[in-house]
Amino acid sequence: MHFWKYCGAGNDFVILENFDGSIAPERYAALAAALCREHFSVGADGLMVLEPPAQGGDCRMRFYNRDGSTAEMCGNGARCLCRHCHDRGLAAGPVQRIETPAGLVTGRRITADRYRIRLNRPSVVRLHVEAEGVRCAYLELGEPGIPHAVVLTELDRPRAELRELAARLRSSPAFPRGANVNLCAVTGENRVRLLTFERGVEDFTLACGTGTGATVAALARLGLVSGGGTQVQTDGGLLSVDLDGEDIDLTGPAELTFTGDLPELPA
């Protein structure tokens, strides 16, 4: 079984192609847990399995977190997948169309290793939520939506303290399906610093594409950024967000790290 590994601003992913149906879908979760396990396998934040399109796209994406749980969509992953579709000839021309459980995601090639994707529009927006004694915003991107809590806070505190806060919010009863938790600070005009604690990884990742888009969408609604060309600094690199009404465009790197062959699929 051939695999590809990509990195998008420090978020890394394994891609498998299953266009011929040789991998039973009921094995996807176990494959994700096995392949994404750091030090013992390929290692990644998530697994994307590509299937034939069902609604006119170039392919259908099934996304699994490192722990084998499913996610509706992944922004950095979708951006890497757009590059994969371009480079593999799955998409014709510079535009890619990816079917996800949260809806269709459209990408565009900017350079060989830089892509722009249009994230799913917000389906739920609550700007003032009280959770665990913390004021935050809550957004869901797509439908069914990817849940994100956005918290303005000081990020120069010890990382262990920030992790404890994010972990507590991640499972707060205020968010029935749990939430990815985005801790952010506005550092200048249209500049944001961001740490995202992701469901399924259960820790901070180096970047989160949907978290970046959700954070800028919330901050723009609160009047803290304009939403045009907002620069978001993550631990893994710089991402750019442009808002146009309800549309959220995310631009950033999509780098092919390496490819390889599995001698056999994990049990």
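Structure: above.
I will try to describe carefully the structure that is included in this document. (Residues numbered from 1 in each chain as written. Predicted model: local features only at pLDDT ≥ 70, side-chain atom pairs only at ≥ 80, totals over all residues. Heavy atoms only, no water.)

Considerations on the overall build of the protein
Counting its secondary structure elements, the protein contains four helices and 18 strands. Here the protein, with 267 residues, has 54% of them falling under the buried criterion. A sequence separation of at least 24 residues applies to 60% of the contacts in the protein between residues at least 6 apart. Surface summary for the protein: the accessible area is close to 10,800 Å², and the carbon and sulfur share equals 48%. Across the protein, the centroid of the 28 positively charged side chains sits 2 Å from that of the 34 negatively charged ones. (Helix = DSSP H or I, 4+ residues; strand = E, 2+ residues; numbered from the N terminus. Buried < 20%, exposed > 50% of the residue type's maximum accessible area, 1.4 Å probe, protein only. Contact = heavy atoms within 4.5 Å. Areas by Shrake-Rupley, 256 points an atom, 1.4 Å probe, with all protein chains shown as cover. Lys, Arg positive; Asp, Glu negative; His and termini not counted. Charge placed at Lys NZ, Arg CZ, Asp CG, Glu CD.)

Brief notes about empty space enclosed by the protein
Under the counting rule described, the total for this entry stands at one cavity of 30 Å³ or more. Approximately 150 Å³ is the volume attributed to the largest cavity. In this structure, the largest cavity is lined by 17 residues; those nearest its centre are Phe63, Asn65, Ala71, Met73 and Glu198. (1 Å grid on protein atoms, 1.4 Å probe; cavity = no way out; pocket = protein on both sides within 12 Å on 5 of 7 lines; lining within 4 Å. Points joined across faces, edges and corners; volume = space filled by probe spheres on them.)

Focus on the packing of aromatic side chains
According to the stated counting rule, one finds five aromatic pairs in the structure shown. Judged by centre distance (6.0 Å) and plane angle (85 degrees), the ring pair of phenylalanine 3 and phenylalanine 258 falls under edge-to-face. Here phenylalanine 3, found in strand β1 (residues 2-8), pairs with phenylalanine 258, found in strand β18 (residues 255-261); they are 255 residues apart in sequence, far enough to count as distant. Assessed through its relative accessible area of 6%, phenylalanine 3 is described here as buried. Ring centres of phenylalanine 13 and phenylalanine 63 lie 6.0 Å apart, and the angle between their planes is 65 degrees; this geometry places the pair in the edge-to-face category. (Phe/Tyr/Trp six-rings, centres within 6.5 Å; stacked < 30°, edge-to-face > 60°.)

Examining the nonpolar core
Among the nonpolar cores identified, the biggest contains 46 residues, and Met73, Leu81 and Ile98 are the most heavily contacted of them. In contact with isoleucine 98, other than residues within four places in its own chain, are Cys59, Met61, Leu81, Cys82, Cys85, Gly103, Leu104 and Val105. Counting residues in each nonpolar core, the second largest holds 20 residues, with Val134, Ala166, Phe175 and Leu183 among its members. (Core = buried A, V, L, I, M, F, W, Y, C linked by side-chain atoms within 4.5 Å.)

Topic: the pairing of strand β9 (residues 122-131)
As paired elements, β9 and strand β10 (residues 134-141) share seven bridges and run antiparallel to each other. Within the sheet, the bridge partner assigned to valine 129 lies in β10 and is cysteine 136. (Pairing = 2+ DSSP bridges.)

Here we look at the pairing of strand β16 (residues 237-244)
Both strand β15 (residues 230-234) and β16 contribute to a ladder of five bridges, which runs antiparallel. Within β16, the residue paired with glutamine 233 across the bridge is leucine 238. Hairpin connection of β15 to β16: two residues between the antiparallel strands. In this structure, β16 lies alongside strand β17 (residues 247-253), joined through five bridges in antiparallel fashion. Within β17, the residue paired with aspartate 242 across the bridge is aspartate 249. Turn length for the β16-β17 hairpin, with the two strands adjacent in sequence and antiparallel, is two residues, and the turn residue glycine 245 shows positive phi of about 65 degrees.

Section: the pattern of salt bridges
Scanning the model with the defined rule gives 20 salt bridges in all. Salt-bridge contacts for glutamate 17 lead to arginine 88; the nearest nitrogen and oxygen are separated by 2.9 Å. Note that glutamate 17 is positioned in strand β2 (residues 11-17) and arginine 88 in the loop between α2 (75-87) and β6 (95-100), a separation of 71 residues in sequence. Taking relative accessible area as the criterion, arginine 88 reaches 44% and is therefore assigned partly exposed. Salt-bridge contacts for glutamate 140 lead to arginine 177; the nearest nitrogen and oxygen are separated by 3.3 Å. Of this pair, glutamate 140 sits in strand β10 while arginine 177 sits in the loop between α3 (159-170) and β12 (180-188), and the two are 37 residues apart along the sequence. A relative accessible area of 14% places glutamate 140 in the buried class. Within the structure, one salt-bridge network assembled from shared partners comprises Glu72, Glu140, Arg177 and Arg199. (Salt bridge = Lys/Arg side-chain N within 4 Å of Asp/Glu carboxyl O.)

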